[in-house]
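Coordinates in review
Spelled out, the chains give:
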Amino acid sequence: MHVVISEELDSTIKIRPMTTTPQQFVNPMGEITGIVQGHRDGHGFVQTDDGEVTVFLPQQEMRAVMHRDRIRVRIVRSDRRGRPEGAVLEIIDRSKTPIIGRLLHEGGAWLVAPEDRRFGQDILIPAKATANAEAGQVVAVELTEQPSLSAQPVGKVVEVLGGIDDPGMEIEIAVRKYEVPHRFSDDVLAQAAKLPDKLRAVDKKGRIDLSDVALVTIDGEDARDFDDAVYCQPATVGRSKAPNAWRLLVAIADVSHYVKPGEPLDRDAYERATSVYFPRRVIPMLPEKLSNGLCSLNPEVERLSMVCDMLVTHEGDVHAYQFYPAVINSHARFTYTEVAAILANTRGPEAQKRDELVPHLLHLHEVYRALLKARASRGAIDFDTTETQIVCDDNGRIAKIIPRVRTEAHKLIEEAMLAANVCSADFIMRAKHPSLYRVHEGPTPEKCTLLKSYLKALGLGLSIGDEPTPGDFQSIAKATKDRPDAIQIHTMLLRSMQQAIYTPTNSGHFGLAYEAYTHFTSPIRRYPDLLVHRVIKALLGSGRYGLKLPPVQHSVGRFKRKPGAAQGLPAKGLPVAPTKASSRLKLPPEEAAAWETVGIHCSANERRADEASRDVEAWLKCMFMRERLGEEYGGTVSSATSFGLFVQLDGLYVEGLIHITELGGEYYRFDDARQELRGERSGVRYGIGTRVRVQVSRVDLDSRKIDFRMIKEGVELKPLGQQAARKRGRGSESAQDELASTQLADRDAKRATKSARQSGASKVPSVSPVAVRVAHAVAGKASAKKPAGKKSGAKAKAKLKR
């Protein structure tokens, strides 16, 4: 399936290496201050606030500290892996966040085993401090006595969440584990309750009335809030008498009208920074009265909006644009499926139900095709990938995992939103006003070198320059899209890119090939979009927006790093290359620091939301696979590492690990350039896209891990769970047949070698020529397209780092 790369780039995890070059530690007795990052194996790391330095803490040093503590350490040596190793000098601040875990009663003592293995130590609970929780229940614990070199931590139960198998428990654990704010404060709820239930006359003052314009919303079937509406009609540019362009309107809910700086609503919205999406549940950035009420563009009701009004040529260039506040009335709520059906058949039943709106949908489709031309001409990156959707049953468990089909309707909305975001960035940049940009920089020199080595090892005759452009990546993707190993190549291209962040310094968006890009289209669920709306409103009123950051309880991480008058702008094409002055504004130190801080905060909270969502999905998949222990499945290698293969199962879209010890008796070497495991004796290669057949051997809910073992021809496997092996009567995969033949031939050769040695023969028989030919066939075996989710490569890398 063809998916435009936008959110894939945003969701790619940036993993900071745990090793540091020796040059950074000229003085081995240097001291640093940072946050403890525990490891499930008992050791830990200390990372400085800027993320530049990471120091290893051995297990004995971790006995007196815990995950998330702030400490000062002295670097005393380098360990055998070259990492700087530290000794704890001072515990500056203890983490005060409650720890989530299961209450256990063992040997007459109560203790809590933390759900997050990074805490490393069980917590003792006095018998009177269990809050009447029962053994096995999930609880939240506050520490009353900190750990020391000679004693475990002691705590008390402050909240009983329920049984481990209770519906929704995985979400309750995740929001606490990742410290996601999930309850609005009392003053926020009180402020939301005072808001009106519908628009008042004073709310409409100074706004353009677009209530008669046939704006419509297009969202998924399960969408609850609608923050964008679109409309398109033919238009003319210049002196042409016939339409030669399109007028595209993107109306976005005007959240800034209700959420004012310095108010409780703004404080809670800033602390959350983003909505968090789980299967069957959303932790919203704003209270429901706003997110599903006043700021949701529901059909047939008046709503306040900010409008980006664009003229788009037939070549897809934005000829001119303007922003203005408006009052709209959505004429219909469409779903992606419905719009796709109408575009495919304008005389079908779906079209007949909405016959008065069908012409407008066709205009939207035409402007989308024009914008698609511009995307291709500027060289935006476009990969083949597959997204998945978890479908849950009434108990909140996975019923099935299905591929998410992206239709023309999805792409139509995406291109319209991209156009509005680019206009927003250009408008702010021209005004030389500070704001947050959505920045995605090109690959680092190290990643470029790795990618060049990989492409050279494949012998494709394709490569990238020292300063690659998006067009270089797109050219490789296009040239290799029909190759059997296209999945492997595109995965490596994706992994070579950096992580998208929010920052006040505009460096462009590499993946989308924009000189300037920001987020304007989702202020209901993203705080940076709300800030962009405030900046645009200030500029429309010939003023400036003075950023004042609301207070937050804690930081989640660090990263490197007059209304109503429609204001027209010169009819110039977009995007425009920003000048140095507009890219890096000269601001007062306090204002510059505030914008930098809000960018770091929003980027960190976005990562936190992604991690919490992935944790819940991993939990659900483990619960799903616990009932399938012993079953056999075909699958595709999604990632190769030095310790094994990550495989995604056909049809289930669940990923697990085949440890390298499960691959057979021979020695496998990891080829970093080709990103594959290669058997030294047989030459069998396992890389991304290789087809395999596996058996589900182990599911560890606590660590969110699923383990597979490779199925070998001629070896009878004992069932591990409820199901006996079902492979009788099934046709095996051709690649698996060839692999089995290689293994059998290898065993024959070993037996012949052993017999020859025992008989004293002077020559040892070589491996069968048939086995050699089969080994080469397997090594070059083409893989089918990988039915993998967009994040599988990033997850495999995260597992590797852990």
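Small disclaimer: the values here were computed from a predicted structure and weren't measured. (Residues numbered from 1 in each chain as written. Predicted model: local features only at pLDDT ≥ 70, side-chain atom pairs only at ≥ 80, totals over all residues. Heavy atoms only, no water.)

The subject of this paragraph is the overall build of the chain. What the chain contains, in helices and strands, is 20 helices and 34 strands. Taken across its 802 residues, the chain has 55% of its residues classed as buried. Only carbon and sulfur atoms are counted for the fraction: they give 50% of the accessible area of the chain, which is about 35,600 Å². (Helix = DSSP H or I, 4+ residues; strand = E, 2+ residues; numbered from the N terminus. Buried < 20%, exposed > 50% of the residue type's maximum accessible area, 1.4 Å probe, protein only. Areas by Shrake-Rupley, 256 points an atom, 1.4 Å probe, with all protein chains shown as cover.)

Our focus in this paragraph is the packing of aromatic side chains. Counting across every chain of the model gives ten aromatic pairs. Taken together through their ring pairs, the aromatic side chains of Tyr321, Phe323, Phe427 and Phe520 make up a single cluster. Geometry around Phe56 places Arg83 over its ring, the cationic atom sitting 4.2 Å from the centre. Across from the ring centre of Tyr502, 4.4 Å away, lies the NZ or CZ of Arg438, which sits over that ring. (Phe/Tyr/Trp six-rings, centres within 6.5 Å; stacked < 30°, edge-to-face > 60°. Lys NZ or Arg CZ within 6 Å of the ring centre and 35° of its normal.)

Ranked by internal contacts, the top residues of the largest apolar core, which has 96 residues, are Leu248 and Met310. Top element by residues in this core is helix H11 (residues 408-430). It accounts for twelve residues. When residues no more than four places from it in sequence are discounted, the contact partners of Met310 are Trp246, Arg247, Leu248, Val250, Val318, Ala320, Tyr321, Ala416, Ala419, Ala420 and Cys423. Counting 52 residues, the second-largest nonpolar core is a separate cluster that includes Ala609, Ile660, Tyr668 and Ile706. (Core = buried A, V, L, I, M, F, W, Y, C linked by side-chain atoms within 4.5 Å. Contact = heavy atoms within 4.5 Å.)

Two faces make up the sheet, and in a regular strand the side chains alternate between them. With four of five residues buried, strand S29 (residues 655-659) is to be regarded as a mostly interior element. Of the strand pairs in this sheet, strand S28 (residues 644-649) and S29 are connected by five bridges, and their pairing is antiparallel. For Leu645, the partnering residue across the bridge sits in S29 and is Ile658. Where S28 folds back onto S29 in an antiparallel hairpin, the turn is made up of five residues, including Gly651, whose phi is positive at roughly 80°. (Pairing = 2+ DSSP bridges.)

Looking at chain direction, strand S7 (residues 99-106) and strand S8 (residues 109-114) are connected through six bridges and run antiparallel. Counterpart to Glu106 in the pairing with S8 is Ala109. From the end of S7 to the start of S8, which pair antiparallel, there are two residues, and Gly107 there has a positive phi angle of about 60°.

Now for the sheet that holds S28. Read around the closed barrel, five strands run S27-S28-S29-S34-S33, paired in mixed fashion. In this sheet, neighbouring strand axes are inclined to one another by 50° on average, regardless of whether the strands run parallel or antiparallel. Sheet strands touched by helix H17 (residues 589-626): strand S27 (632-641), S28, strand S33 (691-700) and strand S34 (705-710). Its angle to S33, the strand with the most contacts, is close to 100°. (Axes fitted to C-alpha atoms, helices over the stretch in contact; angles between N-to-C directions.)

Here the focus is the packing of helix H13 (residues 470-480) against helix H14 (residues 486-495). Contact geometry of H13 with H14 gives a least axis separation of 10 Å together with a crossing angle of 170°. Taken together, the axes of H13 and H14 lie roughly antiparallel to each other. In this structure, H13 contributes Phe473, Ile476, Ala477 and Thr480 to the contact, and H14 contributes Ala486, Ile489, His490 and Leu493. Looking at the contact of H13 with H14 residue by residue, the class counts come to six nonpolar, two polar and no charged. (Parallel < 35°, antiparallel > 145°, perpendicular 65-115°, else oblique. Nonpolar A, V, L, I, M, F, W, Y, C, P; charged D, E, K, R; others polar.)

Turning next to the sheet that holds strand S30 (residues 668-671). Within a sheet, neighbouring strands are paired by backbone hydrogen bonds and run either parallel or antiparallel to one another. Pairing in this open sheet of three strands is antiparallel, and the strands run S30-S31-S32 from one edge to the other. One side of each edge strand has no neighbouring strand; the edge strands of this open sheet are S30 and strand S32 (685-687). Taken over all neighbouring pairs, the strand axes of this sheet differ in orientation by 20° on average, direction set aside. Relative to S32, strand S31 (residues 676-679) runs antiparallel, the two sharing three bridges. Paired with Arg678 across the strands is Arg685, a residue of S32.

Applying the stated criterion across every chain, the model contains 45 salt bridges. For Glu170, the salt bridge goes to Arg397, with nearest N and O atoms at 3.4 Å. In this pair, Glu170 sits in helix H3 (residues 169-177) while Arg397 sits in the loop between strand S22 (387-392) and strand S23 (398-404), placing the two residues 227 residues apart along the sequence. Considered together, Glu170 and Arg397 belong to a single accessibility category, that of buried residues. Among the ionic pairs, Glu338 bridges to Arg354, the shortest N-O distance being 3.1 Å. Here Arg354 lies in the loop between helix H9 (349-353) and helix H10 (358-378) and Glu338 lies in helix H8 (residues 336-344), a separation of 16 residues in the sequence. (Salt bridge = Lys/Arg side-chain N within 4 Å of Asp/Glu carboxyl O.)

What follows deals with the packing of helix H12 (residues 445-458) against H14. At a minimum axis separation of 10 Å, H12 and H14 run at an interaxial angle of 165°. Put simply, H12 runs roughly antiparallel to H14. The element H12 and its partner H14 pack so that their crossing is left-handed. Listed contacts from H14 to Lys447, Leu451, Tyr454 and Leu458 of H12 are Gln488, Ile489, Met492, Leu493 and Arg495. Residue classes in the contact of H12 with H14 are distributed as six nonpolar, one polar and two charged. (Left-handed = near helix turned anticlockwise from the far one by under 90°.)

Glancing now at H14. Burial runs high along H14: ten of the ten residues are buried. Listed as buried for H14 are Ala486, Ile487, Gln488, Ile489, His490, Thr491, Met492, Leu493, Leu494 and Arg495.

Secondary-structure assignment places Asp615 in helix H17. The class for Asp615 is buried, based on a relative accessible area of 8%. A polar side-chain atom of Asp615 sits 3.1 Å from a polar atom in the side chain of Lys177. When residues no more than four places from it in sequence are discounted, the contact partners of Asp615 are Ala174, Lys177, Tyr178 and Arg704. (Polar contact = N/O pair within 3.5 Å; in protein donor to acceptor, adjacent residues only side chain to side chain.)

Turning next to the confidence of the model for the chain. Averaged over all residues, the pLDDT of the chain is 81; the fraction at 70 or higher stands at 81%. Within the model, pLDDT remains below 50 along residues 1-28, and this stretch shows 78 contacts once partners closer than five positions in the same chain are excluded. Confidence drops under a pLDDT of 50 for residues 557-582, and excluding neighbours within four residues, the segment shows 65 contacts in the predicted structure. (pLDDT = per-residue confidence, 0-100.)

Turning to helix H4 (residues 186-194), a few remarks are in order. Residues of H4 that are buried: Val188, Gln191 and Ala192. End-on view of H4: buried residues confined to an arc of 100°, all on one side of the axis. Turned more than 90 degrees off the buried face of H4, the exposed positions are Asp186, Ala193 and Lys194. (Arc of directions from axis to C-beta.)

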